[in-house]
Amino acid sequence: MVTQLDNPSETARDRILNVAAQEILVAGFQASSLGTILRKSKVSKGCFYHHFETKQALGLAVLEESFITIIKQIWEPIFDSANPLASLIDLLSGQIKNADDNDIKLGCPINNLAQEMSPIDDKFRQRIELIHQVWKQRLTKALEKSQQQQQMLNTVDAKSIATLTIATTQGAIGIAKNAQRKESFIEYTQGLVQYLTSLQIK
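Residues numbered from 1 in each chain as written. Predicted model: local features only at pLDDT ≥ 70, side-chain atom pairs only at ≥ 80, totals over all residues. Heavy atoms only, no water.

Asker: Provide a residue-level description of the pattern of salt bridges, including the pertinent values.
Answerer: Close approach of charged atoms allows side chains of opposite charge to pair. Enumeration according to the criterion identifies 5 salt bridges in this entry. Across the pair R13 and E65 runs a salt bridge whose closest N-O atoms are separated by 2.8 Å. Of this pair, R13 sits in helix α1 (residues 12-27) while E65 is found in helix α4 (residues 55-79), placing the two residues 52 residues apart along the sequence. On the accessibility criterion, R13 (25% relative accessible area) is partly exposed. Put simply, E23 and K40 hold a salt bridge, and the shortest N to O gap is 2.8 Å. With a gap of 17 residues between them, E23 in helix α1 and K40 in helix α2 (residues 34-41) connect regions that are remote in the sequence. (Salt bridge = Lys/Arg side-chain N within 4 Å of Asp/Glu carboxyl O. Helix = DSSP H or I, 4+ residues; strand = E, 2+ residues; numbered from the N terminus. Buried < 20%, exposed > 50% of the residue type's maximum accessible area, 1.4 Å probe, protein only.)

Here is the structure:
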């Protein structure tokens, strides 16, 4: 996630969001310094409070406008695919092949916020819960499409497979982040890919 401070089309609000997203991803929400965010985004306190009432409001905006966008970019092609199960397998296989040490070090931004903020901030908790519910609903619908088109076995429950997929992918990145080893992510994700592959009708 690169911050482009010299982008002439980028507004002050954009700069604040981009810098804050990077700071939160690296340090976490609570440890992120508002002073550092203002300095790196080159805005005054007055400018900041013109756009965001509080640091919490900034964090929620980062979640909504930056972190959710990342998830959508990754998963929307599966939801819209003519063969969602095959696309899901391809996505996970690509993540295994391209697993990056830096990505493992930082982890999933939404998973990070869930672990850090859900026990102490109800607004974060509720919004992240909604993200997971919508994610599960859309993946369930996509997998049901694969079943309807006879691409996936009908002997399994699509909702259960969607739940398993999200839980495993989020768990894999969390375990790998803790171990600081991409091999941990690869190991857990490979097991999921093997199972999903067994559900294909060829």
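From this point on, the discussion continues.
Asker: Describe the nonpolar core, with residues and values.
Answerer: The biggest cluster of nonpolar side chains holds 60 residues, and the ones touching the most others in it are L58, W75, I110, L113, L139, L143 and L196. The greatest single-element share of this core, amounting to 11 residues, is contributed by α4. Not counting residues within four places of it along the chain, the set of residues in contact with L139 comprises W75, I78, F79, L88, A162, T165 and I166. (Core = buried A, V, L, I, M, F, W, Y, C linked by side-chain atoms within 4.5 Å. Contact = heavy atoms within 4.5 Å.)

Asker: A description of the packing of α4 against helix α7 (residues 109-117) should follow, citing residues and the corresponding values.
Answerer: Here α4 crosses α7 at 130°, and the two axes come no closer than 9 Å. Relative to α7, the element α4 is oriented oblique. From α4, L63, F67, I68 and I71 reach across to α7, where they touch P109, I110 and L113. Partitioned by chemical class, the residues of the contact of α4 with α7 number 7 nonpolar, no polar and no charged. (Axes fitted to C-alpha atoms, helices over the stretch in contact; angles between N-to-C directions. Parallel < 35°, antiparallel > 145°, perpendicular 65-115°, else oblique. Nonpolar A, V, L, I, M, F, W, Y, C, P; charged D, E, K, R; others polar.)

Asker: Account for unusual backbone geometry, with residues named and values stated.
Answerer: Positive phi is not limited to glycine here, since K42 has a value of about 60°. Position of K42 relative to the elements: it lies in the loop between α2 and α3 (45-51). Its relative accessible area of 64% is what places K42 among the exposed residues. A positive phi angle is found at Q150, which is not glycine, with a value near 55°. One can find Q150 in the loop between α8 (122-148) and α9 (158-179). Residue Q150 is classed as exposed on the basis of its relative accessible area of 59%.

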